[in-house]
Amino acid sequence: MAAASVLSSSILPVRIFLFALAAILLVLPPLAGAKHAGAVTRHYKFDIRMKSVTRLCHSKSIVTVNGKFPGPKIIAREGDNVVIKVTNNVQNNISLHWHGIRQLQSGWADGPAYVTQCPIQTGQSYVYNFTITGQRGTLFWHAHISWLRSTVYGPMVILPKRNVPYPFPKPHKEIPIIFGEWFNADTEAIINQALQTGGGPNVSDAYTFNGLPGPLYNCSSKDTFKLSVEPGKTYLLRLINAALNDDLFFSIANHSLTVVEADAVYVKPFQTDTLLITPGQTTNVLLRTQPTFPNATFLMAARPYATGLGTFDNSTVAGVVEYYKQPSSSSSISVNIPPPKKLPLFKPTLPALNDTSFATNFSSRLRSLATPQFPANVPQTVDKRFFFTVGLGTNPCPGNACQGPNGTKFAASINNVSFVQPTTALLQAHFFGQSKGVYTTDFPSNPPFQFDYTGNIPPNNTMVDNETKVVVLPFNARVELVMQDTSILGAESHPLHLHGFNFFVVGQGFGNFDKKKDPPKFNLVDPVERNTVGVPSGGWVAIRFLADNPGVWFMHCHLEVHTSWGLKMAWVVLDGKLPNQKLPPPPSDLPKC
């Protein structure tokens, strides 16, 4: 008995400790990147190399990944770890961005050059390592330095966890369709010349579906994307706009599309004949084919939604939807029978190039599912409010001899600050406490001076300030940001992309934002959740997000010319108190400047 009582008394403290440990684990949030059952690590090797490619009867050497244009598809499941070793074998410096990935505690893998990393130099390698947490749907990856993303891009398909179904009918097949732009000239030469002369850059020569311009361009009928379908089937089209500088309308003749996801977040399904997709956005749609063989083929087409005063590529990319006859049930042959040639061809009708009404109506239809399984966790209260003007301006030019307005150079800015790209990566400077001489933390929360932002009379001074400034946020701050277009050099829609976060689009409107009348109309119940949003031409958009991701996060216009002109900034989110609320040290192979 004495031995038993001694044993019991020695076990008691252990039990108390285990109960206490269990209680702590219950209240602690899971570690960022914690894997679900069945999660795996997926390895990819990306070899950056040159390849000769011919489009529009014009051959040129382009930067590619693994010699592919577009680049290889990344496939993973929610919760998986993704490891991509990138080796640079070209003369250009390179960095890659995994567009839309939250990068929780993995900010070193985000990719924008001189923001989260120095670029990978010729002959060097870098391993991007991140876990896909709480996301499923379609995203994409692309180069994030200068204009190299004109050819360096590819799709990212994130499947749900195993045995978790889609919240819509299971499709017969899934097809990524990535929209791009083809330039006959070297895009690096194009932007370098534009920055030297101060004028607008030359526009692209064609748009593309999966790298193919299609039959509406000269010398291009053989380079046409073809989608082969069976009658009475449902197809999931994973649409991605990787174009450099253009919002695009998209439609398929005689077919309706059901929108089910945007930027890797499920939405309340709705039908549309046409959709709008800005650079940096993705949209999943269900295509239900006609019930019987239609004895026709159909064009899918995309052309720009253009709102600015500058030149743009006013052309149309087309692909072909062709039906295959299903074999008869008595046939032992399992292959489909191709359709006869010279069937009637139907073309879609796309909105006018400047149809802002359509753009507004389409974006207003996007709503989060807001279900228990897929909630819309909109911040209901706000800790930090910001009002950012976005638009074009000017920089002085010696002798007023440049090609911008009145002999100046074109510039672009947020709150009149045109971002100057540093030569040291911001994240490194922040992490090691070496920000002095790299950036300052006094980015203005409001415009430095007020004027009629969307009026017809521009301010007397259109010059911008050229600085490297950031906004510092405490961990878990609830942020509201209103982005206001300006008409200084003409009103224009701006697709703004925020790295490291999804945000909720709680409101939008035209004219100048009214801080008294507009906020009461905000949707705080089921607003769409995105990583890229179009600031309406001559209007404003309001977003909210939770600053729960420590690091340095780029925010910029996804029109590449505007990014080159300085329409970009960065948010610094400080560490929280818990271990899983801190940015870990950089990997040992982080590229050096």
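Rules and cut-offs
- Within each chain, residues carry numbers counting from 1 in the order of the written sequence.
- Since the coordinates come from a predicted model, pLDDT governs what is reported: local features require at least 70, and pairs of side-chain atoms require 80 or more to be given and counted, while whole-chain, interface and lining totals use all residues.
- For the side-chain quantities, the full set of heavy atoms in the structure was used; hydrogens and water were omitted.
- UniProt positions are given in the numbering used here, feature names are shortened, and annotations may be inferred rather than shown by experiment.
- Strands are runs of DSSP state E lasting at least 2 residues, helices are runs of H or I lasting at least 4, and numbering of each runs from the N terminus.
- In this treatment the radius of gyration is a C-alpha quantity, and the globule benchmark scales as 2.2 Å times the residue count to the 0.38 power.
- Whether a residue is buried, partly exposed or exposed follows from its accessible area with a 1.4 Å probe, protein chains only, as a fraction of its type maximum: under 20%, in between, or over 50%, in that order.
- Contacts between residues were defined by any pair of non-hydrogen atoms, one from each residue, lying within 4.5 Å.
- For the area figures, the Shrake-Rupley method with a 1.4 Å probe applies, and any residue is considered shielded solely by the protein chains shown.
- Charge counting follows a simple rule: Lys and Arg are positive, Asp and Glu are negative, and His as well as the terminal groups are ignored.
- Each charge is placed at NZ for Lys, CZ for Arg, CG for Asp and CD for Glu.
- Ring pairs shown here join Phe, Tyr and Trp side chains whose ring centres sit within 6.5 Å, with only the six-membered ring taken for Trp; geometry is labelled stacked below 30 degrees between planes, edge-to-face above 60, and tilted in between.
- The rule for a charge over a ring is simple: NZ of Lys or CZ of Arg within 6 Å of the ring centre, and within 35 degrees of the ring normal.
- In this scheme, strands are said to pair when DSSP sees at least two bridges between them.
- Fitted lines through C-alpha atoms serve as axes, helices being fitted only where they are in contact, and the angles separating the N-to-C directions of these axes extend from 0 to 180 degrees.
- Pairs of cysteine sulfur atoms within 2.5 Å are identified as disulfides in what follows.
- Think of a salt bridge as a Lys or Arg side-chain nitrogen and an Asp or Glu carboxyl oxygen that are within 4 Å of each other.

- By the naming in an unreviewed UniProt entry, the chain is Laccase, taken from Aristolochia fimbriata.
- The UniProt entry for the chain carries this comment under Catalytic activity (unreviewed entry): "4 hydroquinone + O2 = 4 benzosemiquinone + 2 H2O".
- Quoted straight from UniProt, the Subcellular location (unreviewed entry) entry for the chain says "Secreted, Extracellular space, Apoplast".

1. Thoughts on the overall build of the chain
Phase 1 of the analysis: Per the secondary structure count, the chain includes five helices and 33 strands.
Phase 2 of the analysis: Whereas a compact globule of 593 residues would reach a radius of gyration of roughly 25 Å, the chain reaches 25 Å, a difference of no more than 12%.
Phase 3 of the analysis: With respect to the three principal axes, the spread of C-alpha positions in the chain is 95 × 80 × 55 Å.
Phase 4 of the analysis: Out of the 593 residues belonging to the chain, those deemed buried represent 57%.
Phase 5 of the analysis: Considering only contacts within the chain whose residues lie at least 6 apart along the sequence, 79% involve residues at least 24 apart.
Phase 6 of the analysis: Carbon and sulfur atoms make up 54% of the accessible area of the chain, which totals about 24,900 Å².
Phase 7 of the analysis: Side-chain charges of the chain comprise 48 positive and 35 negative groups, with the mean position of each set lying 8 Å from the other.

2. A few points about the environment of Gly-100
Phase 1 of the analysis: Here Gly-100 shows up in the loop between β5 (96–99) and β6 (125–131).
Phase 2 of the analysis: In sequence terms Gly-100 and Ser-537 are 437 residues apart; their C-alpha atoms lie 24 Å from each other.
Phase 3 of the analysis: What Gly-100 contacts, discounting residues up to four positions off in sequence, is Gln-135, Leu-139, His-497, Asn-502 and Asn-531.

3. Observations regarding the packing of aromatic side chains
Phase 1 of the analysis: Counting across every chain of the model gives 39 aromatic pairs.
Phase 2 of the analysis: Pairing Tyr-166 with Phe-168 gives two aromatic rings, centres 4.8 Å apart and planes at 10°, and the pair type is stacked.
Phase 3 of the analysis: By relative accessible area, which is 10% here, Phe-168 ends up buried.
Phase 4 of the analysis: Pairwise contacts between aromatic rings join Phe-386, Phe-388, Phe-443, Phe-501, Phe-545, Trp-553 and Trp-571 into one cluster.
Phase 5 of the analysis: Lys-60 extends its terminal NZ or CZ atom over the ring of Trp-182, reaching a point 4.9 Å from the ring centre.

4. Comments concerning the sheet that holds strand β27 (residues 494–498)
Phase 1 of the analysis: Reading across from one edge, β25-β33-β32-β27-β30 is the order of the five strands in this open sheet, with mixed pairing throughout. In this open sheet, the two strands that pair with only one neighbour each are β25 (470–473) and β30 (532–535). Between one strand and the next, the sheet's axes are offset by a mean angle of 20°, whatever the strand orientation.
Phase 2 of the analysis: The sheet contact formed by β27 and strand β32 (residues 551–557) spans three bridges and is antiparallel. Looking at β32, one finds that Leu-496 is bridged to Cys-557.

5. A look at the UniProt feature "domain: Plastocyanin-like" (unreviewed entry) in the chain
Phase 1 of the analysis: In this structure's numbering, the residues bearing the UniProt feature "domain: Plastocyanin-like" (unreviewed entry) are residues 48–162, 174–325 and 442–575.
Phase 2 of the analysis: From the first C-alpha to the last, residues 48–162 spans 32 Å; its make-up is 0% helix and 46% strand.
Phase 3 of the analysis: Structurally, residues 442–575 is divided into 4% helix and 43% strand, and its ends, taken at the C-alpha atoms, are 19 Å apart.

6. Side note on the state of the cysteines
Phase 1 of the analysis: Following the criterion strictly, the structure yields three disulfides and no others.
Phase 2 of the analysis: Through a disulfide, Cys-57 is tied to Cys-219; the S-S separation comes to 1.5 Å. The chirality of the disulfide connecting Cys-57 with Cys-219 is right-handed, given an S-S dihedral of about 40°. In this pair, Cys-57 sits in the loop between β1 (41–55) and β2 (58–65) while Cys-219 sits in the loop between β10 (206–209) and β11 (226–229), placing the two residues 162 residues apart along the sequence.
Phase 3 of the analysis: Disulfide pairing is shown between Cys-118 and Cys-593; the S-S distance is 1.7 Å. Between Cys-118 and Cys-593, the S-S torsion sits near -85°, and that sign places the bridge as left-handed. Of this pair, Cys-118 sits in the loop between β5 and β6 while Cys-593 sits in the segment after β33 (568–573), placing them 475 residues apart in sequence.
Phase 4 of the analysis: With relative accessibility at 52%, the residue Cys-593 sits in the exposed group.

7. Notes on the pattern of salt bridges
Phase 1 of the analysis: Tallied over the entire structure, the rule returns 14 salt bridges.
Phase 2 of the analysis: Across the salt bridge formed by Asp-526 and Lys-268, the nearest N and O atoms sit 3.0 Å from each other. One end of the pair, Asp-526, is in the loop between β28 (503–510) and β29 (529–530); the other, Lys-268, is in strand β15 (residues 265–272), with 258 residues separating them in the sequence.
Phase 3 of the analysis: What makes Asp-526 buried here is its relative accessible area of 15%.

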